[in-house]
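Reading the structure
Listed below, chain by chain, are the residues.
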Amino acid sequence: MRKNNVQDTARKRSVKRRKMSPLLKLLCFILSVASLGLVAFLGFQLFKLDMLPLTLLLPILFVVVLITLLIIVFSNFKCRKNVSKLIMTIVLAAMTAAYGLGNYYVYGLSNLFNEVTNLTDKVVNKVNVYALAGSSMASASDLKGKTLGIVAGLDEQGTNRCIEDLNKEDVQIETAEYYTLSDLLYGLFNEQVDGIILNETYENDIHEQGDYTNFGVMTKRVYESVYYTDRSTSQSESLNAVDSITTTPFTILISGNDSYGSLAQTSRSDVNMLVTIDPSNHRVLMTSLPRDLYVPIACPEGAEDCPDDTLNKLTHTGQYGVEATDETIEKALDITVNYTVRVNFSSLVNLVDAVGGIDVYVEEGLEVDTFYANGTEGVQAGWNHLDGERALAFARERHAYIDGDAQRVKNQQIVLEALINKVISPSMIINFGSFIDALGGAFETNMPADQIRSFIRYQFAMMPKWNFESFTILGLVSTEYCTIQGDYASVMIPYEEYLETAKEKIDAVLSGKSSDTIDAPTSDTSLLTLRDYSEYQDQPSTYENSMPDTTYQEPIQDDTQDWQVDDSQQYYDYVPYQEEPVQDDGNMYDPNADMSQGYY
C-alpha cells in the first residue's frame, strides 16, 4: 500500500514537471529571439557609432555572436530536463538584459557626442536686484519708488534690461550711479540706496573682497531678470580645426567656469588651461594661465558691451563667452587654439565621482588640513584618494599656499592628469555606465563629433602611454584697473619671458619635440621683464605711474620701480548721496582707508 502511494506521488510530480516544460520552452524561445535581435542591434549601433577600430570591433562581435548562438542552440535543442532548461533560461535572461543595457549605453554615448558638440545658440544672463538681508522688501512690487544703485558703464545692457523688465511689471524706480563696484557696495551697506542692480556673475568678485566675503548672507535677492543673448560665434565659425587629431598635433583650451549647474549661463573663466597634444609622439603639454593674469581682452564679433583691447583679468573674459577667453589667450601668446572645451564646477565633481574618484600625489610642505573653498577635508603628503567635491576643492585651493594662484594652477594640472589616467585605465570598464551618464551635461566643445570618435578609436587601437609635461605662466602681483569690473583689482602682470617661453614650448610640441627642450625662465624675478602695457595710456594703472581719482595717501613701493600717486582728487566726489563713513568694526568699506593693497 505504501509503495503504491510513493508511486502515485512520483507520477504526480512527473506530470507537474511535464506541465511546466511547455512554459519553459516558450520562455526560452522568446528570450532567444530577443537576445538575437538585441545583439544584432548592438552590432549595428557600434558600427554606426564608429568609435571602435574595425580590427577590434569585428573580433569582439564575432565572439559575442558565436557565444550567443551556442547558448541559444544548447538551451532550445540540447536541454531535455526541466532543471537544466531552467538554468539555461536564466542564463538567456541575463544575456538578454546585458545586451539591452549595452544598447542603452551605446545609444546614450551616441547622443552624448551630439549633445556636447552642439553648442547652444543662446547664452543665459541673470541680473538681480539685491537688498540688505534685513530689508522688508521681498518682491518686485516692493521696489516701487525705491532708489537702486548701479555702476555706470558696468554691464549697461544687463542693467537696462532689468530696469525694462521692472517697468513691464509697472514698477518705477530711481537710480543712483556709482563709479566702481566698491562704491556701489559701500552705498548699499551704508543705506545710501535701497538696493543695487548687479549681474549675477559679479557675485564671485564681491566674495573675494575682504569686507564682503559673506555677501550672500548679508543680502537677499529681491528680483531676478533673465534674458538670452546670441552666442557670439557658432561652432563652425572661427574654428581652427586640424585635418585629423590622430595624426596632427593640436591645442585645446579648457575653460572652467566658476559656477554650478547649467553651462549656458554666463560666468567667469576661473580655470584656463591650454592642452597641446602630439598624437604621433604621445605627448601632452599642459600650459596653465592664472585666472588673474592681466591681459588685453579680445572681444569676439557680436559681443555687446565688451571693452575690446582694454586691460582686464583673464577670468573676466568668460563673461563674454568662451570665445572671448579663447581669442584673448591667442592674442596674449601669439598662438592658435584649435578647439575649446567648456566645463564648470558641477562637471568636475560629477566626472570624478563617476570614475570612482582620483588619486593625486602631494609633495611635502603642500599639505592642507581643510580646504578653504568648501570646508572639506584637506590632503596629506603622499598619495590621496579624492572624491568629486575634494578634487574640486583641491583644484581651487590657493589660500593655503605661499605661491597662491601659481600653486593652484599646478593642482589643476595634477587633477586633470589624474582624471585622464583614470579614464584610460582598465577600471573604467566597471565605471563606464556612470561615466557616460556624467558626461552628458559635463562639458561642451566645438570639436566635431567625428574627430572625438576618431581619437577614441586611436586610443583603443594604439593604447599609447601618454607623456605629460606642464608649464605655468607667472607674473608680478599688483593692483590695477580692470575695465570689465570698473574698479581696481588684484591682478598678475605677466613676465614677458614666461609668455615667450609658453609660446615656444607649445610650438615645440606642435613640431614633434618635447617642451622640455625649451628652458624655463630664470627663477630670479629681478632679472625678468614685465609685459609692457605703456600703450594703454587711457586706462588708469598703478603700473604706469598714474592712478587718477584714488584715495591713496602714501607713496607705494613695488619690486620694479618707485611711484607716487596724485591724490589731488578725491575718489568719491562724484558719488551721489555721499555721507560720512560709518563705523562698522571693520566689516564695511571705509573710503578713507589705506587701499595700497587694492580692493581685491
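For clarity, every value in this text was computed on a predicted model and none was experimentally measured.

**Topic: the pattern of salt bridges**
Enumeration according to the criterion identifies 10 salt bridges in this entry. Between Arg 291 and Asp 270 there is a salt bridge, with its nearest N and O atoms 2.6 Å apart. Taken as a pair, Arg 291 in the loop between strand S8 (283-288) and strand S9 (294-296) and Asp 270 in strand S7 (residues 269-278) lie far apart in primary sequence, 21 residues in all. Summarising the burial analysis for this pair, Arg 291 and Asp 270 share the class buried. Residues participating in the shared-partner salt-bridge network are Asp 270, Arg 291, Asp 292 and Lys 313.

**Here we look at helix H2 (residues 54-78)**
Taking 1.5 Å of rise per residue, 25 residues should cover 36 Å, and H2 covers 34 Å from first to last C-alpha, within 8% of that figure. Among the residues of H2, those classed as buried are Leu 57, Leu 61, Thr 68, Ile 71, Ile 72 and Ser 75.

**Side note on the environment of Leu 49**
Residue position: Leu 49 is located in helix H1 (residues 2-49). Along the backbone, Leu 49 and Arg 453 are 404 residues apart, and their C-alpha atoms lie at a distance of 7.9 Å.

**Concerning the side chain of Thr 317**
As for its position among the elements, Thr 317 is in the loop between strand S10 (311-313) and helix H8 (322-333). At a separation of 2.8 Å, a polar atom in the side chain of Thr 317 contacts the side chain of Thr 325. Dropping the residues within four chain positions of it, Thr 317 is found in contact with Ser 269, Ile 297, Ala 324, Thr 325, Thr 328 and Ile 484.

**Notes on the packing of aromatic side chains**
We describe a pair of aromatic rings using the distance from one ring centre to the other and the angle between the two ring planes. Taken as a whole and assessed by the stated rule, the structure comprises 16 aromatic pairs. Relative to Phe 455, the ring of Phe 250 lies with its centre 6.4 Å away and its plane at 90 degrees, an arrangement referred to as edge-to-face. In this pair, Phe 250 sits in strand S6 (residues 250-257) while Phe 455 sits in helix H13 (residues 449-462), placing the two residues 205 residues apart along the sequence. Aromatic side chains Phe 471 and Tyr 498 sit 5.7 Å apart centroid to centroid with 20 degrees between the ring planes, which places their arrangement in the stacked category. Here Phe 471 is found in strand S17 (residues 467-472), whereas its partner Tyr 498 is found in helix H14 (residues 496-510), with 27 residues between them in sequence. Taken as a pair, Phe 471 and Tyr 498 share a single burial class, namely buried.

**Considering the state of the cysteines**
Evaluation of the coordinates by the stated rule reveals 1 disulfide. Disulfide pairing places Cys 299 opposite Cys 306 at an S-S distance of 1.9 Å. On the sign convention where negative means left-handed, the S-S torsion of about -80 degrees between Cys 299 and Cys 306 marks this disulfide as left-handed. Given a relative accessible area of 17%, Cys 299 falls into the buried group. Assessed through its relative accessible area of 13%, Cys 306 is described here as buried.

**Some remarks on the nonpolar core**
Core analysis: the largest hydrophobic core is formed by 32 residues, its most contacted members being Leu 274, Leu 289, Leu 333 and Ile 473. Among the elements of the structure, S9, H8, strand S18 (475-482), strand S19 (487-494) and H14 are those that each provide at least two residues to this core. It is H14 that provides the largest number of residues to this core, a total of 5 residues. Residue contacts for Leu 289: discarding those within four places in its chain leaves Asn 272, Leu 274, Leu 314, Ile 329, Leu 333, Val 409 and Ile 473. Counting 25 residues, the second-largest nonpolar core is a separate cluster that includes Leu 188, Val 193, Ile 196 and Ile 484.

**Some details on empty space enclosed by the protein**
In the structure shown here, the tally under the stated rule is 1 cavity of 30 Å³ or more. In this model, the largest cavity occupies a volume close to 40 Å³. Forming the boundary of the largest cavity are Val 151, Leu 154, Asp 155, Thr 159, Ile 197, Leu 198 and Asn 199. For the lining of the largest cavity, the element with the highest residue contribution is strand S4 (residues 195-199), accounting for 3 residues. Grouping the amino acids of the lining of the largest cavity by side-chain chemistry returns 4 nonpolar, 2 polar and 1 charged.

**Regarding a nonpolar patch on the surface**
Taken together, the side chains of Phe 62, Val 63, Leu 66, Ile 67 and Leu 70 make up a nonpolar region of the molecular surface, amounting to roughly 500 Å² of accessible area. By secondary structure assignment, the location of Val 63 is in helix H2. The exposure class of Val 63 is partly exposed, given its relative accessible area of 43%.

**Side note on the confidence of the model for the protein**
Per-residue confidence for the protein gives a mean pLDDT of 79, with 77% of residues at or over 70. At the level of individual helices and strands, the protein shows its lowest average pLDDT in strand S21 (residues 562-563), which scores 34, and its highest in H14, which scores 96. Of the regions scoring below 50 in pLDDT, residues 233-238 engages in 8 contacts with residues more than four places distant in sequence or in other chains. Residue range residues 544-600 is modelled with pLDDT below 50. Its contacts to residues more than four positions away, or to other chains, number 109 contacts.

**Observations regarding unusual backbone geometry**
Within the chain, Glu 191 stands out as a residue other than glycine whose phi angle is a positive 60 degrees. Although it is not a glycine, Met 463 sits at a positive phi angle of roughly 45 degrees. Mapping Met 463 onto the fold places it in the loop between H13 and S17.

**Some points on the pairing of S6**
In terms of burial, S6 is largely enclosed, as 8 of its 8 residues are buried. With burial as the criterion, each face of S6 is covered, one bearing Phe 250, Ile 252, Ile 254 and Gly 256 and the other bearing Thr 251, Leu 253, Ser 255 and Asn 257. Where S6 lies against S7, 8 bridges are found, and the strand directions are antiparallel. Within the sheet, the bridge partner assigned to Gly 256 lies in S7 and is Val 271. Pairing between S6 and strand S11 (residues 339-343): 5 bridges, direction parallel. Its bridge partner lying in S11, Gly 256 is registered against Val 343.

Cut-offs applied
- Residues numbered from 1 in each chain as written.
- Predicted model: local features only at pLDDT ≥ 70, side-chain atom pairs only at ≥ 80, totals over all residues.
- Heavy atoms only, no water.
- Salt bridge = Lys/Arg side-chain N within 4 Å of Asp/Glu carboxyl O.
- Helix = DSSP H or I, 4+ residues; strand = E, 2+ residues; numbered from the N terminus.
- Buried < 20%, exposed > 50% of the residue type's maximum accessible area, 1.4 Å probe, protein only.
- Expected span 1.5 Å × (residues − 1).
- Polar contact = N/O pair within 3.5 Å; in protein donor to acceptor, adjacent residues only side chain to side chain.
- Contact = heavy atoms within 4.5 Å.
- Phe/Tyr/Trp six-rings, centres within 6.5 Å; stacked < 30°, edge-to-face > 60°.
- Disulfide = S-S within 2.5 Å.
- Core = buried A, V, L, I, M, F, W, Y, C linked by side-chain atoms within 4.5 Å.
- 1 Å grid on protein atoms, 1.4 Å probe; cavity = no way out; pocket = protein on both sides within 12 Å on 5 of 7 lines; lining within 4 Å.
- Points joined across faces, edges and corners; volume = space filled by probe spheres on them.
- Nonpolar A, V, L, I, M, F, W, Y, C, P; charged D, E, K, R; others polar.
- Patch = residues over 30% accessible without salt bridge, like charges linked within 9 Å, V, L, I, M, F, W, Y side chains within 5 Å.
- Areas by Shrake-Rupley, 256 points an atom, 1.4 Å probe, with all protein chains shown as cover.
- pLDDT = per-residue confidence, 0-100.
- Pairing = 2+ DSSP bridges.

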